Amino acid sequence: MCGIVGLYLKNPALEGALGRHLATMLIGMSERGPDSAGIAVYRAPVADGTLKLTLRAADGACDWAALRQAFARHFGEPVTLAVHANHALVTLAAAEELVRAFLSQHAPNAAIVGYGQSIEMYKDMGLPAEIVERFAFRSMGGSHAIGHTRMATESAVTTAHSHPFTAAADMCLVHNGSLSNHNRLRQWLRRKGQAFETDNDTEVAARYFAYRLGEGASLKEAMTAGLKDLDGFFTFAMATRDGFAVLRDGIACKPAVMAESDDWVAMASEYRSLAALPGVDGARVWEPEPEVVYSWSRGEAA
Amino acid sequence: MITVDLAAAPLRDLNRRLHSLPANTNERAWRITNPKGAHNIAVGLTQGIEVTIDGHVGYYCAGMNQRAHVTVNGECGWGIAENMMSGVVRVKGNASQAAGATGHGGLLVIEGDAGARCGISMKGIDIVVGGSVGHMSAFMAQAGHLVVSGDAGPALGDSIYEAVLYVQGRVASLGADCIEKEMTGAHQAALARLLEQAEITADATRFRRYGSARKLYHFHTDHADAY
């Protein structure tokens, strides 16, 4: 069992409160996922040519100040680095592949959690309320965010196995369910050049969608293709820099509820995570239908 | 009328109070506010009281109900009136999956739509849905009636035993061993009574009846393909 939540703001006036609302939604799903939690938030996009990286000290501590210096020496200033618990948010002017290669050489302990121009990702083991405090989610503004509370069934309880998963710039996925064909799909994706970091089934789905997006598919097209290629139980919420989408498998035994007002679109595993959203009493509340892709892009319903 | 605000009072206290009511209680009318999607509201009631819930409820609301009349002025999560024995449960909005699952008796009315597996394994409950139902509704249904004023999703009545299904709209597909049956005047009269009890406005003559072909009751090698 897991809990997933997503909040996509249509009214920019609410962006300052995104983290506060998402924190409440995430804590609302504690009973569905008490072992780990994580969020991806989209905010403060950096300019083209600049990379925004969320790093995590994978094993024990990381000397972030020294890493910042090393980045500056190798890639040049400006480099910013802000520490959030055992994560660090970095901006620098470099391509993601080069940073990844640099880290594997010089700071193998610093794992890339998320990367792009807008995305920031924070995930760790512990109760959702603890994770919310640890990373000060409530203070984070932004345009949209997704979150996950985990009760592991398919793989180990570690931060690396917790959600969200990213597999491309500014893209991330959260999943409630389990995939039954992830081993074969992982082999197929490896042959397509995708590299994997864990044995987690959701990572396979994330890399599958990233592969489809990389082929030029829209968010909706990528998810629609997933209906054919992904076998198992799932409620997915996926976010890109400008988009947000939700999909359930045909059996639909994993729950989901959605709500939409003039100001926002929200989804959660259960309604109680939506109950505190501003204006929810006047919002349209519905259960997403099986095998129907619900997607939004900045400023329009897709 | 006793009002309990779940924003102020713990749900367990409310359920305990409702469970401890004696048969001759004078506390027969209850209003519950601020449910905010909480699970297990007003489960296990045994007395003929009236409970009105203002707002959306979570899972298993009014589960195992006996005698009580429970009204939800909102939408509800999974398993509304699960395993109901008697009484009436009415949802003014939509219901999620497995509404009325395994219900033995009583009447469940959903004025909006119901999700997948509505009436799964129903054992005598009557369920009247003002809108449509999702896939695999009345799966393994054993007794009772499922009335659908709108459409039914795929695999209606899969592996059904003896429940009676009335659908006014389109049936996406019938499940294994579920067939359309003749709609006689007696069936129309029975359906009209159910609609009247449920206070759902619909013309009983426009519905079609579905039920069990009774071919899966016992294993027969000729039917191996159906399993």
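Above this text sits the structure in question.
Figured I'd write up the structure that's included with this text. (Residues numbered from 1 in each chain as written. Chains lettered and ligands numbered in written order. Predicted model: local features only at pLDDT ≥ 70, side-chain atom pairs only at ≥ 80, totals over all residues. Heavy atoms only, no water.)

## Considerations on the overall build of chain A
Just so we agree on the cut-off: Counting from the N terminus, the helices are the DSSP runs of H or I reaching at least four residues and the strands are the DSSP runs of E reaching at least two. To get the radius of gyration, use the C-alpha atoms; to get the globule rule, take the number of residues to the power 0.38 and multiply by 2.2 Å. Any residue under 20% of the maximum accessible area for its type is buried, any over 50% is exposed, and the rest in between are partly exposed; the area is computed with a 1.4 Å probe on protein chains only. Each accessible area value is a Shrake-Rupley result obtained with a 1.4 Å probe; residue values ignore everything except the protein chains displayed when judging cover. Only four residue types enter the charge count: Lys and Arg as positive, Asp and Glu as negative, with His and the chain ends excluded. Lysine's charge is taken at NZ, arginine's at CZ, aspartate's at CG and glutamate's at CD.
Along the backbone of chain A there are seven helices and 17 strands. Taking 2.2 N^0.38 as the reference for a compact globule, 302 residues should give roughly 19 Å; the C-alpha atoms of chain A span a radius of gyration of 18 Å, in line with that estimate. Its C-alpha atoms give chain A principal-axis dimensions of about 55 × 45 × 35 Å. Per-residue burial over chain A gives 60% buried out of 302 residues. Carbon and sulfur atoms provide 51% of the accessible area of chain A, an area that totals close to 11,500 Å². Distance from the positive charge centre (28 side chains) to the negative charge centre (34 side chains) of chain A: 3 Å.

## Here we look at the pattern of salt bridges
How we decide: The salt bridge definition used is simple: a Lys or Arg side-chain nitrogen within 4 Å of an Asp or Glu carboxyl oxygen.
Under the criterion given, the structure shown has 25 salt bridges over all chains. Across the salt bridge formed by A:Asp229 and A:Arg212, the nearest N and O atoms sit 3.0 Å from each other. You can see A:Asp229 sitting in helix H7 (residues 219-229) and its partner A:Arg212 sitting in helix H6 (residues 201-214), a full 17 residues away along the chain. Across this residue pair, the class does not change: A:Asp229 and A:Arg212 are buried. Here B:Glu180 and B:Arg208 are joined by a salt bridge, their closest N and O atoms 2.8 Å apart. Here B:Glu180 is found in strand E10 (residues 178-181), whereas its partner B:Arg208 is found in strand E11 (residues 208-212), with 28 residues between them in sequence. Linked through salt bridges whose partners overlap, the residues forming this network are A:Glu96, A:Arg100, A:Glu197, A:Glu203 and A:Arg207.

## Focus: the sheet that holds strand E5 (residues 87-92) of chain A
Residue and element names in this part refer to chain A. Filter applied, for reference: Any two strands are treated as partners once DSSP identifies two or more bridges connecting them. Only the stretch in contact is used when fitting a helix axis, every axis being a line fitted to C-alpha atoms; angles between N-to-C directions are given from 0 to 180 degrees.
As summarised here, the arrangement of the four strands in space is E4-E5-E3-E6, forming an open sheet in which the pairing is antiparallel. Strands at the two margins of the open sheet, each flanked by one partner only, are strand E4 (80-84) and strand E6 (110-116). Strand after strand, the sheet turns through a mean of 20° between neighbouring axes, direction not considered. In the sheet, strand E3 (residues 51-57) pairs with E5 via six bridges, with the strands oriented antiparallel. Directly across from Thr54, in E5, lies its bridge partner Leu89.

These results come straight from atomic positions and should not be treated as a statement about function.
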